[in-house]
Amino acid sequence: KEERNVAKYITRTKAVHYLQVSLSTFGKLCILKGIFPRDPKKKVEGSHKTYYHMKDIVFLAHEPLFEKFRYSSFEE
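Sequence order as written defines the numbering, with residues in each chain counted from 1. Totals for whole chains, interfaces and linings use every residue, but because this is a predicted model, local features are given only for residues with pLDDT of at least 70 and side-chain atom pairs only at 80 or more, for both listing and counting. Excluding hydrogens and water, the side-chain values take into account all heavy atoms of the structure.

A. Up close: the nonpolar core. The biggest cluster of nonpolar side chains holds 14 residues, and the ones touching the most others in it are Leu-19, Phe-26, Cys-30, Tyr-52, Ile-57 and Leu-60. In this text, helices come from DSSP runs of H or I with a minimum length of four residues, and strands from runs of E with a minimum of two, each type numbered from the N-terminal end. Listed by contribution, the elements that provide at least two residues to this core are helix 1 (12-19), helix 2 (23-33), helix 3 (54-61) and helix 4 (64-75). Residues grouped as a nonpolar core are buried Ala, Val, Leu, Ile, Met, Phe, Trp, Tyr and Cys residues, joined through side-chain atoms within 4.5 Å. Note on exposure labels: buried denotes an accessible area under 20% of the residue type's maximum, exposed denotes more than 50%, and partly exposed covers the range between, all computed with a 1.4 Å probe on protein chains only.

Following this line, the structure appears as structure tokens:
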């Protein structure tokens, strides 16, 4: 039996909570880094939600620009 890397998807709301940023900041970061929503084969939480690949969200979490955006959103 082969073990495969299963693609994990997360909704936009859960991604914002995971990264602890505002929705507008999340949108700006996704545009800057070229991260777009993906369409998973099996939509667990409904077809009307926006899904992102978990690998992309982890990539954003370790981005140096991310810290600057996070702290600038608290100062506003």
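B. Main features of the packing of helix 1 against helix 3. Axis geometry follows a simple rule: fit a line to the C-alpha atoms, using only the stretch in contact for helices, then measure angles between N-to-C directions, giving values from 0 to 180 degrees. Running from N to C, helix 1 and helix 3 point in directions that differ by 25°, and their axes come no closer than 10 Å. Overall, the two elements helix 1 and helix 3 adopt an arrangement that is roughly parallel. Here helix 1 runs over helix 3; the crossing is right-handed. Along the contact surface, helix 1 presents Ala-15, Tyr-18 and Leu-19, while helix 3 presents Met-54, Ile-57, Val-58, Leu-60 and Ala-61. Note on terminology: angles under 35 degrees are roughly parallel, angles over 145 are roughly antiparallel, angles of 65 to 115 are roughly perpendicular, and the others are oblique. A crossing counts as left-handed when the near helix is turned anticlockwise from the far one by less than a right angle, and as right-handed when that turn is clockwise. Residue contacts are counted whenever heavy atoms from the two residues lie within 4.5 Å of one another.

C. Region of the structure containing the environment of His-53. You can see His-53 is positioned in strand 2 (residues 51-53). Taking the C-alpha atoms as reference points, His-53 and Thr-11, separated by 42 residues in sequence, lie 8.8 Å from one another. Ignoring any residue separated from it by four or fewer positions in sequence, one finds His-53 in contact with Ala-7, Lys-8, Tyr-9 and Arg-38.

D. Summary view of the pattern of salt bridges. The salt bridge definition used is simple: a Lys or Arg side-chain nitrogen within 4 Å of an Asp or Glu carboxyl oxygen. Counted by the stated rule, this structure contains five salt bridges. Among the salt bridges present, the one from Glu-45 reaches Lys-14, with a minimum N-O distance of 2.9 Å. Placement of the pair is Glu-45 in the loop between helix 2 and strand 2 and Lys-14 in helix 1, with a sequence separation of 31 residues. Owing to a relative accessible area of 32%, Glu-45 belongs among the partly exposed residues under this scheme. Close ionic contact of Arg-38 with Asp-56 constitutes a salt bridge, the shortest N to O distance being 3.3 Å. Remark: Asp-56 occurs in helix 3 and Arg-38 occurs in the loop between helix 2 and strand 2; sequence separation between them is 18 residues.

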